[in-house]
Amino acid sequence: MNKIIISSLLAILSVCLCSCDKDFMEKKSTQNVDQSQMFETTDGGMMAINGIHKLMYTPSLSSSYAQGGYQTFMIWMDMMGEDLVYTRANAQFQSQAKWTLHRNATSSHLSYHYNLFYQFISNANMILQNIDAAKGTQEERDYIKGQAYAYRAFAYYNLVQCWGGRYKAEGNNNQLGVIVRTEPTTENLPRSTVEQVYELINSDLDNAIELLSHVATIAKTNKSHIDVHVARGLKARVLLTQGKWLEAANMAALVVEKSGAKLQDDTYTTFNNRMSDQSNTEWLWGKKGLEEQAGTLKDFHSFMSNKNVSYNKNPPRAIYNLLYNRISSTDVRKTLWFPRAQDPKTKPAPIVPTGGYIRNYMANKFLLANENAKCGDVPWMRLPEMMLIMAEGYARAGKYSEAANALYPLAHHRDPEYKLSTKTGDELIDEVMFQRRIELWGEGFRFLDLKRLDMPLDRGPKPRTELGYSDAPWNSNKKMPTNVDPEASNYNMYDGHPMGEENRYREAGIKEWQWLFPQKEIDVNSLCEQNPI
């Protein structure tokens, strides 16, 4: 990356995610490290890896809210879809939901997340360049190096999906991707093709899997670290995006079968840090939220849970009602959202922060036991995602029996009345995608799913006023809206219609599916070609 964007490894080597007196994995990093000495030993190399872990959640040093590492990027990905509904006019994430911020080359939010992923890359490159000479065991070097490869692949995967063209499974992916760097340099470089970027991503993940498969004695006591199962999970995501259906399904199957992760009975029934506790047996990879790591209005729970801050009080997040209506009444996930939240008679009532607004279809998926907590744990990867990749991959490859069998354990676990599917073709694919949408709601996948599948953004039909149905905003906290069109979407039905009808639909394949490069990148790097404006 250019000199403005590339970051120093030392800039992020502050106190790492966690510490333990003698545990190699949890050595503390430091702000005052001589770079020439950093990679003398594997202890120093582990400090560097912990610095990369910290990028997943480190808040921006600026005063801008919603800049909290990868966790705020996740919210952006769902705000640009249809399944997470914006319920009230407010500053943060409204522009993302309107599809304007990613097309603003001078936006600090756009620059922040673009720079963030190149920080991953720059720091991984420095580790990969130096770790082989570090004193320590070969297993320690493999553990550090494998994670560095995985993080570099993870960063390029996110970059190319947003700033590059869509990967076409049929081939000929010569459309422009992003700038590729495999060494910690600052020279200007042009954008590589999408195919070239994915070649590097897959090569890095193959290297990560190979190296991490040799690590046997280093215990993964914190799920923020990447092990071979997480590396395989990332590979499964990439293969799915490329339309390599059987390969994706088979890779995900390795995670399901070998990771030791298992479905947990109280995942959605507990109120004690629901979906906010990495000790859950379904979690493969995730943030460990420590109080000293929190940034005011820069963490996931400031925008997606019951945390007692303004952005949870003012615009509660809701589910797309037409998706919710498809959920079986016996499915435990149906209890995560409240279609009649504004009805005082609704029992149980939704959990809201003190003084918070109440809106129909609002979510209680992510809960903190203490609404005044500074932050909570955040899932980066869970076992259900791998089960769904298996099911989708097999279904799209025409292996319908295998797909149904892959889907059944998850769907039946969530809904005891669910029966093994006998569907085939598009009907089975639709069933799998429905399960994916409700299971992974709010975890950062929907925009990327729409783009990889070349689907339009369709937030549903507006109320049919010509038939006498009301188009009045759903404003009251204590009064249910009346004369609601049963076939209409709840998109743009809250507050004073804050999102605008012009944001209801986006055609597949138009230029707006590609993010603009930050203007500073274009100004400094003459070789970087801007996406169509």
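Residue positions are given per chain, counting from 1 as you read along its sequence in written order. At least 70 in pLDDT is required for a residue's local features to be given in this predicted model, at least 80 for side-chain atom pairs to be given and counted, and no such filter applies to totals for whole chains, interfaces and linings, which use all residues. Neither water nor hydrogens contribute to the side-chain values; these are computed over all heavy atoms in the structure.

Caption draft 1: Local environment of the overall build of the protein. Each helix is a run of DSSP H or I of at least 4 residues and each strand a run of E of at least 2, with the numbering of both proceeding from the N terminus. Across its full length, the protein carries 17 helices and ten strands. For a compact globule of 533 residues, the expected C-alpha radius of gyration is about 24 Å, and the protein comes in at 23 Å, within 12% of that figure. Projected onto the principal axes, the alpha-carbon positions of the protein cover approximately 75 × 50 × 50 Å. In this scheme, a residue with accessible area under 20% of its type's maximum is buried, one over 50% is exposed, and one in between is partly exposed, where area comes from a 1.4 Å probe on protein chains only. Across the 533 residues of the protein, 62% fall into the buried class. Values of the radius of gyration come from C-alpha atoms, whereas the globule rule sets the reference at 2.2 Å times the count of residues to the power 0.38.

Caption draft 2: Broad picture of the packing of helix α8 (residues 228-241) against helix α13 (residues 383-396). Two elements in contact, α8 and α13, have axes whose closest approach is 11 Å; the angle formed by their N-to-C orientations is 35°. Classified by chirality, the crossing of α13 by α8 is left-handed. Residues G233, A236, R237 and L240 of α8 lie in contact with α13, whose contacting residues are E385, M386, I389, E392 and G393. Ten residues, namely Ala, Val, Leu, Ile, Met, Phe, Trp, Tyr, Cys and Pro, are considered nonpolar, four, namely Asp, Glu, Lys and Arg, are considered charged, and the remaining ones, Gly among them, are considered polar. The residue makeup of the contact of α8 with α13, split by class, is four nonpolar, two polar and three charged. Under this scheme, a helix contributes an axis fitted over its contacting stretch, all axes are lines through C-alpha atoms, and angles between N-to-C directions fall in the 0 to 180 degree range. The hand of a helix crossing depends on one turn: near helix anticlockwise from the far one by less than a right angle means left-handed, and clockwise means right-handed. What makes two residues a contact is simply this: any of their non-hydrogen atoms within 4.5 Å.

Caption draft 3: Highlighting the packing of aromatic side chains. Stacked, edge-to-face and tilted are the three classes for Phe, Tyr and Trp ring pairs, Trp counted by its six-membered ring, which pair at centre distances within 6.5 Å; planes under 30 degrees apart are stacked, over 60 edge-to-face, the rest tilted. Throughout the structure, instances matching the rule amount to 30 aromatic pairs. For the pair W99 and W513, a centre-to-centre distance of 4.8 Å together with 90° between the ring planes defines the contact as edge-to-face. Remark: W513 occurs in the loop between β10 (505-506) and α17 (519-524) and W99 occurs in the loop between α4 (94-97) and α5 (108-130); sequence separation between them is 414 residues. For the pair shown, W99 and W513 are each scored as buried. Centroid distance W337 to W441: 5.5 Å. Interplanar angle 80°. Geometry classified as edge-to-face. Note that W337 is positioned in strand β6 (residues 337-338) and W441 in the loop between α15 (425-439) and α16 (446-452), a separation of 104 residues in sequence. Criterion for a charge above a ring: Arg CZ or Lys NZ at most 6 Å from the ring centre, at most 35 degrees from the ring normal. In this structure, R274 is placed above the aromatic ring of F271, and the distance from its NZ or CZ to the ring centre is 5.3 Å.

Caption draft 4: Just the environment of V432, in detail. Residue placement: V432 occurs in helix α15. Since its relative accessible area comes to 1%, V432 is described here as buried. Once the C-alpha coordinates of V432 and S421 are considered, the two residues, eleven residues apart in sequence, prove to be 10.0 Å apart. Excluding residues that lie within four positions of it along the chain, V432 makes contacts with L388, A391, E392 and L407.

Caption draft 5: Region of interest: the nonpolar core. Remark: nonpolar core denotes a set of buried residues (Ala, Val, Leu, Ile, Met, Phe, Trp, Tyr, Cys) joined through side-chain atoms within 4.5 Å. With 150 residues, the main nonpolar core has F120, I201, W285 and W515 as its most contacted residues. With 15 residues, the single largest contributor to this core is helix α6 (residues 138-163). Leave out the neighbours within four places in its chain, and W515 touches F73, W76, M77, M80, H102, L110, C162, W163, F447 and N531.

Caption draft 6: Just the side chain of E82, in detail. Within the secondary structure, E82 is located in the loop between α3 (70-79) and β1 (84-85). Between N or O atoms, a polar contact is any pair within 3.5 Å; within protein, one atom must be a potential hydrogen donor and the other a potential acceptor, and residues adjacent in sequence are included only when both atoms are from side chains. A distance of 3.4 Å separates a polar atom in the side chain of E82 from a polar atom in the side chain of R437. Apart from residues no more than four positions distant in its own chain, E82 is found in contact with Y320, R437, R446, L450, L457, D458 and R459.

Caption draft 7: Expanded view of the environment of S489. Mapped onto the secondary structure, S489 falls in the loop between β9 (457-458) and β10. Of the residues examined, S489 reaches a relative accessible area of 2% and is grouped as buried. Linking S489 and L322, residues 167 residues apart in sequence, is a C-alpha distance of 6.3 Å. Setting aside chain neighbours within four positions, we find S489 in contact with Y320, N321, L322, R459, G460, P461 and R504. Polar contacts involving the side chain of S489 include one to the main-chain carbonyl oxygen of R459, which spans 2.6 Å. Within the structure, S489 has its side chain in polar contact with the backbone nitrogen of Y491 (distance 2.8 Å).

Caption draft 8: Focus on the confidence of the model for the protein. What pLDDT conveys is the predictor's confidence in a given residue, as a value from 0 to 100. Residues of the protein with pLDDT of at least 70 account for 93%, and the chain-wide mean is 92. Confidence, expressed as mean pLDDT per element, reaches its minimum in the protein at helix α1 (residues 35-38) with 70 and its maximum at α13 with 99. A low-confidence stretch, residues 1-32 stays under pLDDT 50, and its non-local contacts, those more than four residues away or across chains, total 99 contacts.

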